[in-house]
Amino acid sequence: MNTAAARLFAAVLSLLALCGLLASLAPAVARAEHGKLPAEGHAPPVIELREALFTHDLRTAPVPVPLPDTWSARGLDDTGIGHYRSRISLDTAPTTMWALCMARLSDVHEVRLNGWLVSGSTLEHIDPVVAGGHPTMQWISLPPHLLRAGVNHVELSVAHSSRGGLSTVMIGPAAAMAEGYLTRLRLSVMLPIWLNVAGTALAVFLLLIWWRRRSERLLGSFGTLWVLIAACNIAHYNMVDSASPLAVAALFGLQVVSGALLCRSAMVLSGRRHAVAAGILQISTVVLLAMAVWGGLTDSLEDVRAGSYPMVFTGVALSLMPLWRETSRLRLPLRCALAAAVVGSMLSALHDYLYWRGMTSVMDAYWLPYALPVSLAIVGGVLIKRLVGALHQVEQLNADLERRVIERTEALQQANQAKTRFLTAASHDLRQPVVTIGLLIDLMREQVPLALRPMTDRVNEAVSSMEDLLKGLLDLSRLDAGTMRPRLQTVALQPLFDAIASHDGETARRKGIALRFRPTREAVLSDPVMLEQILRNLVSNAVRYTESGGVLVAARRRGEELCIEVWDTGHGIPAAHQRTVFEEFVQLSDQRGERPVARQSGHSGDGSRGLGLGLSIVQRSATLLGHRLQLRSRQDHGSCFSILVPRARTHLPQPISVSGDARPLADLRLTVVEDEPAVRVALRARLEAWGAVVETHDGLTPLRRSLAARPRGHVGIDLLITDHRLRGATGIEVIEAVRRYGGPVPVLVITGDTAPDDIALMAASGLQVLHKPFRADALLAAITRALG
């Protein structure tokens with residue numbers, strides 16, 4: 001980007017430099033064309049008058065002077081009226097249109113040919129200062145009947161308010177002189193105008209960049225400065241013929257503002273604070289503008305300009321001097337280009353001031369309209385190159401940032417995968433003893449005397465707490481694996497409320513808080529299992545973190561939706577942490593909810609606070625269902641979790657509960673394959689207590705030996721119960737072995753795996769799966785579903 005920008009501005013600068021060179025060669029080109037004599041037999045030659053008789057007063061004798069003539073160079077006052085007389089000799093009278101062409105002739109003049117007035121008006125009784133004559137290019141057409149064979153007299157009277165004098169006078173056929181005059185006009189008038197128009201376009205480009213990036217104040221200041229300078233230069237050429245005092249005052253005001261803005265831009269570019277200098281600049285600008293208005297109203301504007309221009313020039317020069325130190329970071333060619341631009345502009349300004357004061361030749365011209373576009377283009381190129389360089393650095397920083405983000409993301413993904421692997425392994429190993437304890441405690445509760453029932457109930461509650469923790473990990477793994485597919489159906493809310501009330505009511509009573517459910521006949525469209533899981537987590541969380549008061553669960557209509565709300569009177573959640581609480585493994589560090597931590601180890605009389613997975617599971621489940629989850633909370637006042645669910649017009653009947661028969665599996669032949677001895681023994685005891693005939697194996701090899709002893713196709717198995725992760729084999733291999741011998745035997749897979757890939761594999765197999773840990777009622781329900 002830097003190279004392309006540099007090449008672009010190099011091309012622009014080269015073009016502007018070429019235009020300036022052509023402008024500087026314009027007078028020579030015109031003189032060469034005018035002085036060239038046509039070949040014999042062609043049109044009459046163009047005559048150049050290089051000498052004339054001059055007098056300030058027609059009553060005094062004229063003196064010969066060479067042309068071009070500058071009054072101040074001869075020690076005369078450069079204001080006033082002057083009279084020039086010359087003559088030309090023609091062999092024959094012309095028959096075509098002729099013309100007089102002067103590079104410098106006052107715009108207040110009187111031109112006569114052979115006594116005939118051909119341009120201007122009489123200058124008798126005219127005040128040259130008031131008339132405001134200035135030397136300009138002039139073209140005067142001469143009808144052929146005004147010229148005669150022999151001697152022809154040319155009289156030119158001029159009135160000057162400054163820069164008095166006259167250039168050489170060209171006279172000849174209009175057709176022969178027109179091209180040279182137009183060329184000079186294009187180079188001396190149109191070229192600087194178009195240079196400044198092009199500069200204005202570049203300045204507008206800089207202003208557009210500043211408009212989109214307000215931090216680039218330097219580009220905005222410089223673009224505004226460029227527009228003002230271009231406007232001054234263009235106005236100079238449009239006002240030179242008839243400039244009223246107010247128009248000249250306005251032009252002077254623009255020049256003052258341009259100078260002040262240039263000083264301001266220099267201060268910004270230096271990167272230093274100049275409070276005193278900025279104050280002086282503001283005061284000086286206001287004073288000079290006031291003087292411009294005063295001069296325009298009192299006809300003393302020329303005196304004001306004469307005294308003000310040196311002040312403006314000095315202030316700009318002083319403000320630009322410190323910038324040289326700031327360019328030390330630039331390459332030498334750019335530093336030299338900037339130095340040339342500044343020095344060239346300063347010299348041009350000094351020259352133009354001397355020319356305006358009449359201290360140079362009448363043939364001279366203003367340099368700033370040529371120099372400033374080139375200089376400003378150089379400075380603008382440097383500024384844009386600086387901007388492009390800064391943008392390039394930003395792109396590199398963005399690329400580095402993206403690379404770091406990718407690296408951090410990969411590291412986080414690896415850490416997350418490591419966490420998942422750890423939780424999978426840990427939870428699998430924990431599930432084996434928990435499922436054993438759960439099955440055995442169920443058996444024990446059926447057989448112990450009533451006196452020991454409270455003790456077994458306490459053990460059962462502890463086991464239930466451990467099961468809840470492991471089920472939370474399982475639910476999270478299912479959501480990560482993407483195996484949970486919502487099965488939307490009509491769900492009545494009151495049975496759901498009753499089930500949650502019976503589950504969490506005892507905990508609330510032990511804490512001394514009220515758990516209330518507002519009765520409702522409403523039904524919603526949702527997945528009944530996932531919705532119950534969401535509400536159970538919200539209610540359990542509210543009961544767990546409420547120390548006094550109570551918890552209220554209610555459903556309110558909101559149009560076509562139903563808002564299920566869980567209110568509590570806990571300590572509330574600060575606004576800064578209301579997003580954090582939905583992250584996994586995050587809980588509030590104390591009962592006032594002032595700081596989130598990875599896990600809470602304290603107690604509040606309700607048992608363990610858990611692993612901090614409940615709200616994370618709630619949020620992911622709600623997102624999967626398309627239900628909006630909302631949280632409102634005020635510290636020290638409590639919280640309200642709400643979920644918006646589509647309303648349903650009717651609700652389906654509730655499923656029939658499992659039969660309470662003491663021997664629901666009587667005479668069924670079950671084969672259990674489990675490599676954990678404790679789990680295998682507990683399963684056998686539980687299944688035999690239900691009346692089943694149970695055969696157990698600790699792996700695939702002993703199962704194959706048992707199958708080999710039976711006739712193929714008659715394995716005598718009503719239901720196969722197998723663990724998924726076995727030593728040296730998988731549950732899928734066990735199922736294939738049994739079905740290869742005995743055909744389509746019903747299967748129930750029990751597993752403690754929580755890895756997302758394993759869960760997805762089980763879901764895709766279509767088998768009946770029961771995740772560890774589980775209790776006796778869940779095992780019986782799964783067996784019933786597997787048997788069909």
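In this text the structure is predicted, and so the values were computed from the model without any measurement.

Points about the overall build of the protein chain
(1) Moving on: What the protein chain contains, in helices and strands, is 19 helices and 28 strands.
(2) Moving on: When each of the 788 residues of the protein chain is scored for burial, the buried share is 45%.
(3) Moving on: Intrachain contacts of the protein chain at a sequence separation of at least 6 include 74% that bridge at least 24 residues.
(4) Moving on: Just so you have it, the protein chain exposes about 40400 Å², and 59% of that area is on carbon and sulfur atoms.

Here's the deal with the nonpolar core
(1) Moving on: One finds Leu493, Leu531 and Val539 to be the most contacted residues of the largest nonpolar core, which totals 34 residues.
(2) Moving on: Residue assignment for this core shows that the elements contributing at least two residues are α12 (493-511), β14 (514-517), α13 (528-544), β16 (550-558), β17 (561-568), α14 (614-625) and β21 (638-648).
(3) Moving on: Excluding its chain neighbours within four sequence positions, the residues that come into contact with Leu531 are Val491, Leu493, Leu496, Val524, Ser526, Leu625 and Val645.
(4) Moving on: Within the second largest apolar cluster, 26 residues are counted, among which are Leu67, Leu105, Ile140 and Val158.

Looking at the sheet that holds strand β9 (residues 135-142)
(1) Moving on: Judged by pairing direction, the sheet is antiparallel, and its four strands sit side by side in the order β1-β12-β6-β9 without closing on themselves. Each edge of the sheet is formed by a strand with only one pairing partner; in this case those strands are β1 (47-49) and β9. Strand-to-strand twist of the sheet, defined as the mean angle between neighbouring strand axes without regard to direction, takes the value 15°.
(2) Moving on: Its contacts with the sheet place helix α3 (residues 174-212) against β6 (98-106), β9 and β12 (169-173), and it is angled at close to 160° to β9.

Let's talk about the packing of aromatic side chains
(1) Moving on: Applying the stated criterion across every chain, the model contains nine aromatic pairs.
(2) Moving on: For the pair Trp210 and Trp211, a centre-to-centre distance of 6.2 Å together with 65° between the ring planes defines the contact as edge-to-face.
(3) Moving on: On the numbers, 4.9 Å between centres and 80° between planes, the contact of Tyr355 with Tyr366 is edge-to-face. One end of the pair, Tyr355, is in helix α9 (residues 332-356); the other, Tyr366, is in the loop between α9 and α10 (368-447), and 11 residues separate them in sequence.
(4) Moving on: Look at Tyr355 and you get buried, because its relative accessible area is 4%.
(5) Moving on: On the accessibility criterion, Tyr366 (17% relative accessible area) is buried.
(6) Moving on: By way of ring pairs, the aromatic residues Phe54, Trp71 and Tyr84 are connected into one cluster.
(7) Moving on: Lying across the ring of Phe54, Arg74 places its NZ or CZ 4.7 Å from the centre.
(8) Moving on: Arg163 extends its terminal NZ or CZ atom over the ring of Tyr355, reaching a point 4.7 Å from the ring centre.

Observations regarding the confidence of the model for the protein chain
Close reading of the predicted structure is inappropriate where its pLDDT is low.
(1) Moving on: On average, the protein chain scores 78 in pLDDT, and the residues at 70 or more come to 78%.
(2) Moving on: Contacts from residues 590-609, a stretch scored under 50 in pLDDT, to residues over four places away or in other chains number 58 contacts.
(3) Moving on: The model gives residues 651-658 a pLDDT under 50, and that stretch makes nine contacts with residues more than four places away or in other chains.

Thoughts on the pairing of β12
For a regular strand, side chains alternate in direction, first toward one face of the sheet and then toward the other.
(1) Moving on: Most of β12 sits out of view: five of its five residues are buried.
(2) Moving on: Examined bridge by bridge, β1 and β12 share three bridges and lie antiparallel to one another. Opposite Leu49, over in β12, you have Val169 as the bridge partner.
(3) Moving on: Alignment of β6 against β12, held across five bridges, turns out to be antiparallel. Bridge pairing in β12 links Trp98 to Pro173.

Re α9
(1) Moving on: Between the first and last C-alpha of α9 there are 36 Å, a value that for 25 residues agrees with the 36 Å anticipated at 1.5 Å per step.
(2) Moving on: Those residues of α9 lying buried are Arg335, Leu338, Ala341, Ser345, Met346, Ser348, His351, Asp352, Tyr355 and Trp356.

What to know about the pattern of salt bridges
(1) Moving on: With the rule as written, the count across this model stands at 21 salt bridges.
(2) Moving on: Its salt-bridge partner being Arg558, residue Glu565 comes within 3.6 Å of it at the nearest N-O pair.
(3) Moving on: Look at Arg558 and you get partly exposed, because its relative accessible area is 38%.
(4) Moving on: Taken together, the shared-partner salt bridges in this structure form one network comprising Arg556, Arg558, Glu565 and Arg632.

Observations regarding the environment of Ile750
(1) Moving on: With respect to the secondary-structure elements, Ile750 resides in strand β27 (residues 747-751).
(2) Moving on: Looking at Ile750, the relative accessible area reads 1%, which means it is buried.
(3) Moving on: Separated by 22 residues in the primary sequence, Ile750 and Lys772 place their C-alpha atoms 6.7 Å from one another.
(4) Moving on: What Ile750 contacts, discounting residues up to four positions off in sequence, is Glu674, Leu683, Ile721, Thr722, Asp723, His724, Leu770, Lys772 and Phe774.

With respect to the packing of helix α7 (residues 301-320) against α9
(1) Moving on: At a minimum axis separation of 11 Å, α7 and α9 run at an interaxial angle of 170°. Comparing their axes, α9 and α7 come out roughly antiparallel. Seen from above, α7 lies across α9 with left-handed handedness. Contacts between α7 and α9 pair Glu302, Arg305, Ala306, Tyr309, Pro310, Phe313, Val316, Ala317 and Leu320 from the former with Val342, Met346, Ala349, Leu350, Tyr353 and Trp356 from the latter.

Looking at the side chain of Asp527
(1) Moving on: When you line up the elements, Asp527 lands in the loop between β15 (523-526) and α13.
(2) Moving on: Of the polar contacts made by the side chain of Asp527, one reaches the backbone nitrogen of Met530; its length is 3.0 Å.
(3) Moving on: Filtering out sequence-adjacent residues up to four positions away, Asp527 remains in contact with Arg485, Pro486, Arg487, Leu488 and Leu625.

A word on a nonpolar patch on the surface
(1) Moving on: Residues Met190, Trp194 and Val197 make up a contiguous nonpolar surface patch of about 290 Å² in total accessible area.
(2) Moving on: Topologically, Met190 is positioned in helix α3.
(3) Moving on: In this structure Met190 comes out as partly exposed when scored by relative accessible area, which is 34%.

Structural notes on the sheet that holds strand β23 (residues 693-697)
(1) Moving on: Pairing is parallel across the open sheet formed by five strands, whose spatial order is β23-β22-β24-β27-β28. The outermost strands of the open sheet, each flanked by one partner alone, are β23 and β28 (768-771). If you compare each strand with its neighbour and ignore which way they point, the axes differ by 20° on average.
(2) Moving on: When strand β22 (residues 669-673) meets β23, the two strands line up parallel, connected through five bridges. The residue bridging Arg669 from the neighbouring strand is Val693, located in β23.

Digging into the side chain of Asn152
(1) Moving on: Mapped onto the elements, Asn152 comes out in strand β10 (residues 150-160).
(2) Moving on: One polar contact links the side chain of Asn152 to the main-chain carbonyl oxygen of Arg148, over a distance of 2.8 Å.
(3) Moving on: Ignoring anything within four residues of it in the chain, the contact list for Asn152 reads Ser86, Arg87, Ile88, Leu90, Leu113, Asn114, Leu146 and Leu147.

So, helix α16 (residues 700-708)
(1) Moving on: Within the sequence span of α16, burial applies to Leu700, Leu703, Ser706 and Leu707. The buried residues of α16 occupy one face: seen down the axis, they fall within an arc of 120°. Counted as exposed and oriented over 90 degrees from the buried face of α16: Thr701, Arg705 and Ala708.
(2) Moving on: Where the residues of α16 are buried, they touch β22, β23, β26 (729-730) and α17 (731-742).

Re the environment of Met137
(1) Moving on: Structurally, Met137 can be placed in strand β9.
(2) Moving on: Under the relative-accessibility criterion, Met137 is labelled buried at 15%.
(3) Moving on: As for Met137 and Ser188, which are separated by 51 residues in sequence, their C-alpha atoms are 9.3 Å apart.

Rules behind the numbers
- Numbers given for residues are sequential positions, taken from 1 along each chain in its written order.
- Totals for whole chains, interfaces and linings use all residues, but because this is a predicted model, local features are given only for residues with pLDDT of at least 70 and pairs of side-chain atoms are given and counted only at 80 or more.
- Water and hydrogen atoms were dropped before computing side-chain values, which therefore reflect all heavy atoms in the structure.
- The secondary structure listing takes helices from DSSP runs of H or I that are at least 4 residues long and strands from runs of E that are at least 2 residues long, numbered from the N terminus.
- When accessible area is computed with a 1.4 Å probe and restricted to protein chains, residues below 20% of their type maximum are described as buried, those above 50% as exposed, and intermediate ones as partly exposed.
- Residues are treated as being in contact if the distance between any of their heavy atoms lies within 4.5 Å.
- Note that accessible areas follow from Shrake-Rupley with a 1.4 Å probe, and for residues the cover is restricted to the protein chains shown.
- We call a set of buried residues a nonpolar core when its members are Ala, Val, Leu, Ile, Met, Phe, Trp, Tyr or Cys and they connect through side-chain atoms within 4.5 Å of each other.
- One requirement defines pairing of two strands: DSSP has to find at least two bridges between them.
- Only the contacting stretch of a helix is used when fitting its axis, a line to C-alpha atoms as for every element, and angles between N-to-C directions run 0 to 180 degrees.
- Note on ring pairs: Phe, Tyr and Trp rings are taken, using the six-membered ring of Trp, and paired if centres are within 6.5 Å. Classes follow the plane angle, with under 30 degrees stacked, over 60 edge-to-face and the rest tilted.
- Comment: the charge-over-ring label is applied if NZ (Lys) or CZ (Arg) is within 6 Å of the ring centre and within 35 degrees of the ring normal.
- Confidence scores per residue from the predictor, reported as pLDDT, run from 0 to 100.
- Expected span of a helix: the number of residues minus one, times 1.5 Å.
- Throughout this description, the term salt bridge denotes a Lys or Arg side-chain nitrogen within 4 Å of a carboxyl oxygen of Asp or Glu.
- Roughly parallel covers angles under 35 degrees, roughly antiparallel covers those over 145, roughly perpendicular covers 65 to 115, and oblique covers all other angles.
- Crossing handedness is defined as follows: a turn of the near helix away from the far one that is anticlockwise and smaller than a right angle gives a left-handed crossing, while the clockwise case is right-handed.
- Whenever a nitrogen or oxygen atom comes within 3.5 Å of another N or O atom, the pair is scored as a polar contact, on the condition that within protein one atom can donate a hydrogen and the other can accept it, and that pairs from neighbouring residues in sequence are kept only if both atoms are in side chains.
- Two distance rules govern patches: like charges are joined within 9 Å, and nonpolar side chains (Val, Leu, Ile, Met, Phe, Trp, Tyr) within 5 Å, applied only to residues with over 30% relative accessible area and no salt bridge.
- Each direction from the helix axis to a C-beta atom contributes to the arc, which is the arc of those directions.

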